[in-house]
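What follows is each chain in one-letter form.
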Amino acid sequence: MFNDLGILELVTLVVLAVLIFGPEKLPKVIQDVSRFVRKVRDFSESAKQDIRTELGPEFKDFEFEDLNPKTFLRKQLEGNEDFNELKELRSSFDLKKEMNEVADAVHGRETASSVSSAAAAASSVPAAVNGSPDLLKKQDKPDAGERPPYDSDAT
């Protein structure tokens, strides 16, 4: 519940509680809050037990945490061999590296790996294939009276 609270936040809450309630009323307020939290927990546990008994014996192993989609999918896929292959593929894929390479290509910068691949690609692929423009080449601006070319994919 309070997993993301740091020391500074806790100190701030304590100081605010002392300022708002005062040192003489603070122990009573803490008792009341802890009693309320305990009652809420007991209420939720009794509601969970009521739901389990109403569902019947076939749902005796039912956990409410399984209703979280991430947990449900993880449990369903853990034993699957395709999931293990997917884990291996995911661990071998470096998204930051791929994004940096794409950004370098868009901005016209060349990286060490793209220099050799760009030289090989330049010798084998013409600038325009099937009439499509080279996206890495900077386009010339049309004259003032000239209309830009029509792009059917952009509309």
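**Student:** Sorry, what's going on with the overall build of the chain here?
**Tutor:** Helices and strands together make up the secondary structure of the chain, namely six helices and zero strands. Surface exposure of the chain reaches about 14500 Å², of which carbon and sulfur atoms provide 60%.

**Student:** So what exactly am I meant to see when it comes to the pattern of salt bridges here?
**Tutor:** Side chains that differ in sign of charge can pair as their charged atoms come close. One pass over the full model with this rule turns up three salt bridges. Arginine 35 is the salt-bridge partner of aspartate 32, the closest N and O atoms lying 3.2 Å from each other. Of this pair, aspartate 32 and arginine 35 both sit in helix α2 (residues 26–55), three residues apart, which is roughly one turn of the helix. Taking relative accessible area as the criterion, arginine 35 reaches 38% and is therefore assigned partly exposed. Among the ionic pairs, lysine 48 bridges to glutamate 45, the shortest N-O distance being 3.9 Å. On the criterion of helical spacing, the pair formed by lysine 48 and glutamate 45 is a turn pair, its members being three residues apart in helix α2. Each of Lys28, Asp32 and Arg35 takes part in salt bridges that share partners, so that together they form one network.

**Student:** What's the story with the confidence of the model for the chain in this structure? I'm lost.
**Tutor:** As a note on interpretation, predicted positions should not be read in detail where pLDDT is low. With 75% of its residues at a pLDDT of 70 or more, the chain shows a mean pLDDT of 77. Low confidence marks residues 118–128, where pLDDT is under 50. Its contacts with residues over four positions away, or in another chain, come to three contacts.

**Student:** Looking at this structure, how should I read the side chain of arginine 52?
**Tutor:** The residue arginine 52 is located in helix α2 in this model. Under the relative-accessibility criterion, arginine 52 is labelled buried at 17%. Discounting residues that sit within four places of it in the chain, arginine 52 has contacts with Phe62, Glu63 and Phe64.

**Student:** What is the right way to read a nonpolar patch on the surface from this model?
**Tutor:** Residues Ile7, Val11, Val15, Leu16, Leu19, Ile20 and Phe21 make up a contiguous nonpolar surface patch of about 720 Å² in total accessible area. Note on placement: valine 11 falls in helix α1 (residues 7–21). Given a relative accessible area of 46%, valine 11 falls into the partly exposed group.

**Student:** Can you help me understand α1 in this one?
**Tutor:** One turn of an α-helix holds 3.6 residues; hence residues three or four places apart share an orientation. For α1, with 15 residues, the first-to-last C-alpha span of 21 Å sits near the 21 Å given by 1.5 Å per residue. Of the residues one or two after α1, glycine 22 is the one with positive phi, at around 85°.

Reading guide: rules and limits
- Residues numbered from 1 in each chain as written.
- Predicted model: local features only at pLDDT ≥ 70, side-chain atom pairs only at ≥ 80, totals over all residues.
- Heavy atoms only, no water.
- Helix = DSSP H or I, 4+ residues; strand = E, 2+ residues; numbered from the N terminus.
- Areas by Shrake-Rupley, 256 points an atom, 1.4 Å probe, with all protein chains shown as cover.
- Salt bridge = Lys/Arg side-chain N within 4 Å of Asp/Glu carboxyl O.
- Buried < 20%, exposed > 50% of the residue type's maximum accessible area, 1.4 Å probe, protein only.
- pLDDT = per-residue confidence, 0-100.
- Contact = heavy atoms within 4.5 Å.
- Patch = residues over 30% accessible without salt bridge, like charges linked within 9 Å, V, L, I, M, F, W, Y side chains within 5 Å.
- Expected span 1.5 Å × (residues − 1).

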